[in-house]
Amino acid sequence: MALLKQARQVDLRFGIRHGFDMDAFCEKYSCTPEEFTQHVRIIYRHDHEAILDAIRANGKRLSRFKRGDRGNTCTPPPSNLEEGKPISLLTEVQLSPANHDPSRATQLQLLEAAEHQQSDEIIALESQHKQFAREHRDCIRQLRDLSEDMEQLRLAFHTKAAEYEAIVNENNRLVLEMNRISQERAEKVAILDETRQQIQSLQVVNICAYENGTIEPFDGNCTTPLDETGNERIYSQLLDREECEALRLKDVRVLSKVLAIAKNASVNIEPIFENDALEASFQALINVI
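Residues numbered from 1 in each chain as written. Predicted model: local features only at pLDDT ≥ 70, side-chain atom pairs only at ≥ 80, totals over all residues. Heavy atoms only, no water.

Caption draft 1: Focus on the pairing of strand 3 (residues 204-209). In this sheet, strand 5 (residues 268-273) lies alongside strand 3 in parallel orientation, the contact comprising six bridges. Paired with alanine 209 across the bridge in strand 5 is phenylalanine 273. Linking strand 3 to strand 4 (residues 215-217), which pair antiparallel, is a turn of five residues; within it glycine 213 sits at a positive phi near 100°. (Pairing = 2+ DSSP bridges. Helix = DSSP H or I, 4+ residues; strand = E, 2+ residues; numbered from the N terminus.)

Shown next, in the form of structure tokens:
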């Protein structure tokens, strides 16, 4: 077993190339056929069957030579093998006297050498084929894994696409509702403004205008602002009006303030003058100033 453990792939191929059969290998490495076969399986994990087939083929050839199938007698494997020394089993060919032909012996040696080379090439091709077959199976496995991954991605994509479409549809519905509500609100705002304008047109605020120039709402709870902006401009215009020729300057001043308040107010202003003479002038000028 110690010698067998030292046997390497190159040693076995060398022996096969030189015609070693199972018996020759077992004798060289001092082991049984079972031990030798197990060692071949260990060092040739994937190609051991091809190596064992080549060794069996050598055994069959030696058997044919021993039976005289070719009319020749070949020397059997040497019984005393020297460790590490290459031995050829087919280097000496003894021909019978009837067929003693040197050229024929040379031709036989050449054919046997070609046979050994062809056998080695076949073994090498078988080894390459098995290597490629293993890589092929690995590629198939990877393609199968990738196909499963792609199927999962496809399912995930369809799921997300359905979710996306549902959200888009919901968003479109919300946009339509928002637009509808905005339009409805705008219409109601316009109606509200019109209603407020109608209310204001019907509202009347009474104000008291005193001769000393003081103007205040008749109702103490009135919230309508009394804006006198522009009364100076109106005062200057009233001085040139015929309707004001008989009025005193302080009366013209009170009248200009009341007219300014009426112009700036969003509601109807009905003044109550301390000087009753100003009422007629106010009614005459309210629409022309």
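That covers the picture; the talk isn't over yet.
Caption draft 2: Region of interest: the packing of aromatic side chains. As enumerated under the stated definition, the model contains three aromatic pairs in all. Residues phenylalanine 25 and phenylalanine 36 carry aromatic rings whose centres are separated by 5.0 Å and whose planes lie at 20° to one another, so their mutual orientation is stacked. Here phenylalanine 25 is found in helix 3 (residues 22-29), whereas its partner phenylalanine 36 is found in helix 4 (residues 33-43), with eleven residues between them in sequence. The structure contains a cluster of three or more aromatic residues connected by ring pairs, namely Phe20, Phe25 and Phe36. (Phe/Tyr/Trp six-rings, centres within 6.5 Å; stacked < 30°, edge-to-face > 60°.)

Caption draft 3: Region of the structure containing helix 7 (residues 231-239). Listed in full, the buried residues belonging to helix 7 are Asn231, Ile234, Tyr235 and Leu238. Projected onto a plane normal to the axis of helix 7, the buried residues spread over an arc of 105° and lie on a single side. Looking at the buried positions of helix 7, the neighbouring elements they touch are helix 8 (249-264) and helix 9 (277-285). (Buried < 20%, exposed > 50% of the residue type's maximum accessible area, 1.4 Å probe, protein only. Arc of directions from axis to C-beta. Contact = heavy atoms within 4.5 Å.)

Caption draft 4: A look at the sheet that holds strand 4. Strands sit in the order 4-3-5 across an open sheet of three strands; the sheet is mixed. Each edge of the open sheet is held by one strand with a lone partner, namely strand 4 and strand 5. Along the sheet, successive strands turn relative to each other by an average axial angle of 30°, direction set aside. Sitting on the sheet, helix 8 touches strand 3, strand 4 and strand 5, and the angle it makes with strand 5 is about 160°. (Axes fitted to C-alpha atoms, helices over the stretch in contact; angles between N-to-C directions.)

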